[in-house]
Amino acid sequence: MRIGLYPGSFDPLTNGHLDIIQRSKVICDKLLIAIGTNSAKNPLFSINERIEIINTCCNDIANIEVVTFNGLLAEYSKKQNISFIIRGLRSSTDFDYEYQIAVANNKIAPDLETIFLMSRGEYFHISSNIVKEIASYGGDISSMVPHYAKEKIIAKYSNHS
Ligand code: PNS
């Protein structure tokens, strides 16, 4: 059984993430959606909130499981016996960052492969950060995130103000 691991901050889940999750079916039998800590980011949602958003928005997708990990992704992946890591790629900026991380992960876990799925054109401009930025100014994020995630983001920013 091929178990893929799709790691990320998912702060929150976007339509771009959802597309990668759905398309992962062609390469793995089961997908672990793994929420990790990106030390460069300051999350808006707690881990439990992010788990709940993913579970709600993915409840009709078979063979997925939401997990969390602390520490290094490569160490976690080794322990979980996963077949490969999946990451989405948008721009060349993504590529530079992702290539470096994939090599670093591979040094820690030499059998660990990272497989990249190219973002579909309609999701190219979407990132959790962009979504939060637009929402924080009251902009429309309907086309960028699932409806449930949109409600949660709007609630966060209305609580803030
Ligand atoms: O959605 P993101 O923010 O791009 O996800 C990044 C994440 C959480 C997958 C990455 O920061 C990560 O793997 N963090 C755990 C620590 C780690 O293993 N870093 C990579 C090796 S330097």
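Structure's up top.
Each value, and the rule that gives it
Residues numbered from 1 in each chain as written. Predicted model: local features only at pLDDT ≥ 70, side-chain atom pairs only at ≥ 80, totals over all residues. Heavy atoms only, no water. Near = heavy atom within 4 Å. Polar contact = N/O pair within 3.5 Å; in protein donor to acceptor, adjacent residues only side chain to side chain. Nonpolar A, V, L, I, M, F, W, Y, C, P; charged D, E, K, R; others polar. Phe/Tyr/Trp six-rings, centres within 6.5 Å; stacked < 30°, edge-to-face > 60°. Buried < 20%, exposed > 50% of the residue type's maximum accessible area, 1.4 Å probe, protein only. Helix = DSSP H or I, 4+ residues; strand = E, 2+ residues; numbered from the N terminus. Contact = heavy atoms within 4.5 Å. Pairing = 2+ DSSP bridges. Axes fitted to C-alpha atoms, helices over the stretch in contact; angles between N-to-C directions. Core = buried A, V, L, I, M, F, W, Y, C linked by side-chain atoms within 4.5 Å.

Trainee: Can you tell me about the site of the ligand, naming the residues and giving the values?
Mentor: In the vicinity of the ligand there are 13 residues, among which Ser9, Asn38, Lys41, Leu73 and Arg87 approach most closely. In the model, an oxygen atom of the ligand is placed 2.6 Å from a nitrogen or oxygen of the serine 9 side chain. Between leucine 73 and the ligand, the recorded distance is 2.8 Å, taken from a backbone N or O atom to an oxygen atom. Among the residues forming the shell around the ligand, the class breakdown is four nonpolar, seven polar and two charged.

Trainee: Report on the packing of aromatic side chains, specifying residues and quantitative values.
Mentor: Evaluated as defined, the whole model comprises three aromatic pairs. Pairing tyrosine 6 with phenylalanine 10 gives two aromatic rings, centres 5.2 Å apart and planes at 80°, and the pair type is edge-to-face. Comparing tyrosine 6 with phenylalanine 10 shows no difference in burial state: the two are buried. Pairing phenylalanine 95 with tyrosine 99 gives two aromatic rings, centres 5.6 Å apart and planes at 10°, and the pair type is stacked. Taken together, the positions of phenylalanine 95 and tyrosine 99, both in helix 4 (residues 92-108) and four residues apart, correspond to about one turn of that helix.

Trainee: I'd like to hear about the side chain of asparagine 15, residue by residue, with values.
Mentor: Relative to the assigned elements, asparagine 15 resides in helix 1 (residues 15-23). A relative accessible area of 16% places asparagine 15 in the buried class. At 3.0 Å, the side chain of asparagine 15 forms a polar contact with the backbone oxygen of serine 143. For asparagine 15, the residues in contact, after removing those within four places along its chain, are Tyr123, Ile126, Ser142, Ser143, Met144, Val145 and Pro146.

Trainee: Account for the sheet that holds strand 1 (residues 3-8), naming residues and giving values.
Mentor: An order of 3-2-1-4-5 is seen for the five strands of this open sheet, with the pairing classed as parallel. Of all the strands in the sheet, the pair left with one neighbour each is strand 3 (64-68) and strand 5 (113-118). The mean inter-strand angle of the sheet, taken between neighbouring strand axes irrespective of direction, is 30°.

Trainee: Give a detailed account of the nonpolar core, specifying residues and quantitative values.
Mentor: Formed by 30 residues in total, the largest nonpolar core has its most connected members in Leu13, Ile21, Ile54, Ile86 and Ile153. Where this core is concerned, the elements lending two or more residues are helix 1, strand 2 (30-35), helix 2 (47-57), strand 4 (84-89), helix 5 (128-136) and helix 6 (147-160). Among the nonpolar cores identified, the runner-up in size contains 13 residues, and Ile3, Leu32, Ile85 and Ala109 belong to it.

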